[in-house]
Amino acid sequence: DGGITQSPKYLFRKEGQNVTLSCEQNLNHDAMYWYRQDPGQGLRLIYYSQIVNDFQKGDIAEGYSVSREKKESFPLTVTSAQKNPTAFYLCASSIGGVGTEAFFGQGTRLTVV
Amino acid sequence: KQEVTQIPAALSVPEGENLVLNCSFTDSAIYNLQWFRQDPGKGLTSLLLIQSSQREQTSGRLNASLDKSSGRSTLYIAASQPGDSATYLCAPAKANAGGTSYGKLTFGQGTILTVHP
């Protein structure tokens, strides 16, 4: 089945450590996105990529990094510089171009212990 | 900066009722607007996508309308069922200066819907 796979589903990190969240899609979509969701707040855009080897910062990119070496993969690294990393992270993709529908993965819940 | 407000924040209704969920946004320069459903602890499921040139879109018991000039969208759910219980999110995608879109979505906080038997 086509879709977006995020792994792991739950992730625990000690303070000061970097962690990488995986996002893989087999929809042949050009565009991929990372959002963060906190209780009582809407989803906020962290990074997005329109094509391979290119990505742009979203609204809350500080403390995060990404890469887009392959069309199907868009991993997100939460660095130790991120002050409040505990959140639910969602990856999305779309065909790209104009007016296209976004599809989301099942999310990764990151907890700093 | 785009701001999205969804009203009501929560809604509890008996099964069978027709529902109206409201979404308002401050910047009318949008390319499209998407409605999503989110179950607890899960990702988002796309329900409807309305292009800025459209007035409404329908899928089964769901109907979404869009009034871009007034910054409003409404999701109608007909004959609600307990399985409709979830959080509903609306998300407009901003249009770029050239009239295209990078697909960046701005989300409201959602409407938590509970449909009881």
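Located above this text is the structure these notes cover.
Parameters at a glance
- All residue numbers refer to position in the chain's written sequence, counted from 1.
- Chain letters start at A and ligand numbers start at 1, both assigned in the order the entries are written.
- With pLDDT at 70 or above as the cut-off, local features in this predicted model cover only qualifying residues; side-chain atom pairs require 80 or more to be listed or tallied, and sums for whole chains, interfaces and linings still use all residues.
- With hydrogens and water stripped out, all remaining heavy atoms of the structure feed into the side-chain values.
- Cysteine sulfur atoms that pair up within 2.5 Å are treated as a disulfide.
- In DSSP terms, a helix is any run of H or I states spanning at least four residues, a strand is any run of E spanning at least two, and both are numbered starting from the N terminus.
- Partly exposed residues are those whose accessible area sits between 20% and 50% of the maximum for their type, while under 20% is buried and over 50% is exposed, using a 1.4 Å probe and protein chains only.
- Residues belong to a common nonpolar core when they are buried Ala, Val, Leu, Ile, Met, Phe, Trp, Tyr or Cys residues joined through side-chain atoms within 4.5 Å.
- Contacts are assigned to residue pairs with any non-hydrogen atoms lying within 4.5 Å of each other.
- What gets called buried area is simply the loss in accessible area from a 1.4 Å probe that two parts show on being joined, summed for both.
- Within this document, salt bridges are pairs made up of a side-chain nitrogen of Lys or Arg and a carboxyl oxygen of Asp or Glu, the two lying within 4 Å of each other.
- A 1.4 Å probe that fits into a set of points on a 1 Å grid over the protein atoms alone but cannot get out defines a cavity; an open set with protein on both sides within 12 Å along at least five of seven lines defines a pocket, and lining residues are those with an atom within 4 Å of a point.
- Grid points are joined across faces, edges and corners, and a volume is the space filled by probe spheres set on the points.
- Three categories are distinguished: nonpolar for Ala, Val, Leu, Ile, Met, Phe, Trp, Tyr, Cys and Pro, charged for Asp, Glu, Lys and Arg, and polar for the others, with Gly belonging to the last.

Asker: Which parts of the structure should I look at to understand the state of the cysteines?
Answerer: All names here are of chain A. Counted by the stated rule, this structure contains 2 disulfides over all chains. What pairs with C23 in a disulfide is C91, and their sulfur atoms sit 1.9 Å apart. Taking the sign of the S-S torsion, about -75° here, the bridge from C23 to C91 comes out left-handed. Here C23, found in strand β3 (residues 19–25), pairs with C91, found in strand β9 (residues 87–94); they are 68 residues apart in sequence, far enough to count as distant. With a relative accessible area of 0%, C91 lands in the buried category.

Asker: Please clarify how the nonpolar core should be interpreted in this entry.
Answerer: As a rule of thumb, nonpolar side chains are buried together in soluble globular proteins. All names here are of chain B. Core analysis: the largest hydrophobic core is formed by 21 residues, its most contacted members being L33, W35, L75, I77, Y88 and L113. Contributions of two or more residues to this core are made by β3 (19–25), β4 (30–38), β5 (44–51), β7 (62–67), β8 (72–77), β9 (86–94) and β10 (111–116). Each residue touching L33, except ones within four places of it in the same chain, is listed here: C23, F25, L48, L49, I50, L66, S73, C90, A91 and P92.

Asker: Explain the interface of chain B and chain A to me, please; I cannot follow it from the model alone.
Answerer: Put simply, an interface is often sized by how much accessible area is lost when its parts join up. Taken residue by residue, the interface counts 22 residues in chain B and 22 residues in chain A. Taking both partners together, chain B and chain A bury about 1,800 Å²; carbon and sulfur atoms supply 53% of that area. Interface area lost by chain B to chain A is led by L44(B), Y102(B) and F107(B), which between them contribute 25%. Taken together, the links from chain B to chain A amount to 0 salt bridges.

Asker: Honestly, the environment of Q34(B) in this entry has me stumped. Any pointers?
Answerer: Relative to the elements of secondary structure, Q34(B) occurs in strand β4. With 71 residues separating them in the primary sequence, Q34(B) and L105(B) have C-alpha atoms 8.5 Å apart. Q34(B) has contacts with E101(A), A102(A), S46(B), L48(B), L49(B), L89(B), C90(B), A91(B) and L105(B), leaving out every residue within four places of it along the chain.

Asker: Mind showing me how you'd approach the layout of surface pockets here?
Answerer: Think of a ball as big as a water molecule: rolled over the atoms, this probe shows where empty space is left. Of the voids in this model, the largest pocket is the one considered here, and its volume is about 990 Å³. In terms of lining, the largest pocket is formed by 40 residues, of which the most central are Q41(A), G42(A), L43(A), F107(B) and G108(B). Only β5 (44–51) of chain A together with β1 (4–7) and β9 of chain B provide two or more residues apiece to the lining of the largest pocket. In terms of residue count, β9(B) provides more of the lining of the largest pocket than any other element does, 6 residues in total. When grouped by side-chain class, the residues that make up the lining of the largest pocket number 15 nonpolar, 14 polar and 11 charged.

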